[in-house]
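Tertiary structure, described
Below are the chains, spelled out letter by letter.
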Amino acid sequence: MNKKEFREYIAEVYGVEPDFPWESNPTFEVYRHTNNKKWFALVMDIPRSRLGLEGDEIIDVVNLKTDPVAAGSLRLEKGIFPAYHMNKDKWISVALDGSVDDEKIKMLLDQSFELTKTPH
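Residues numbered from 1 in each chain as written. Predicted model: local features only at pLDDT ≥ 70, side-chain atom pairs only at ≥ 80, totals over all residues. Heavy atoms only, no water.

Things to note about the layout of surface pockets
What the largest pocket holds in volume is close to 170 Å³. For the largest pocket, the full set of lining residues is W22, N25, F28, W39, L42, M44, I46, R50, Y84, H85 and M86. (1 Å grid on protein atoms, 1.4 Å probe; cavity = no way out; pocket = protein on both sides within 12 Å on 5 of 7 lines; lining within 4 Å. Points joined across faces, edges and corners; volume = space filled by probe spheres on them.)

Right, here's the structure in full:
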């Protein structure tokens, strides 16, 4: 799944369009719940080196909230990393470059949506 497909999936399933809150990073897409405005996904294009990978080529990733118990084992999987620029216990970064199965991304997105939907 690439960034465009991810955006289309969220629009279709959740009826949510991204917002772009940062002038300094105009391509970063934030997806929020309509009721509580909490983020459930943050799509970024960042250098691979920021994820601990070789090279400085740009890679699209999505940060998703996850169960802290599952985060450690998820980060052992190909294409899943400690969250870039967010709480690494509760968030993960998932590559949107085809290295993670589409169904896995959808499952992780659904989980993030559920974990962030309460107003607290």
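Anyway, onward from the coordinates.
What to know about helix 1 (residues 3–14)
Compared with an ideal rise of 1.5 Å per residue, which puts twelve residues at 16 Å, helix 1 spans 16 Å between its outermost C-alpha atoms and is within 8% of the ideal. K3, F6, Y9, I10 and Y14 are the residues of helix 1 that are buried. Looking down the long axis of helix 1, one finds its buried residues gathered within 120° of arc, a one-sided arrangement. Exposed and facing more than 90 degrees away from the buried side of helix 1 are K4 and E12. Tucked into the core, helix 1 has its buried residues touching strand 1 (29–32), strand 2 (39–47), strand 3 (58–65) and helix 3 (102–115). Between a side-chain oxygen at the N-terminus of helix 1 and the backbone nitrogen of K4 the separation is 3.1 Å; the capping residue is N2. Directly after helix 1, the chain includes G15, whose backbone phi takes a positive value near 65°. (Helix = DSSP H or I, 4+ residues; strand = E, 2+ residues; numbered from the N terminus. Expected span 1.5 Å × (residues − 1). Buried < 20%, exposed > 50% of the residue type's maximum accessible area, 1.4 Å probe, protein only. Arc of directions from axis to C-beta. Contact = heavy atoms within 4.5 Å. Polar contact = N/O pair within 3.5 Å; in protein donor to acceptor, adjacent residues only side chain to side chain.)

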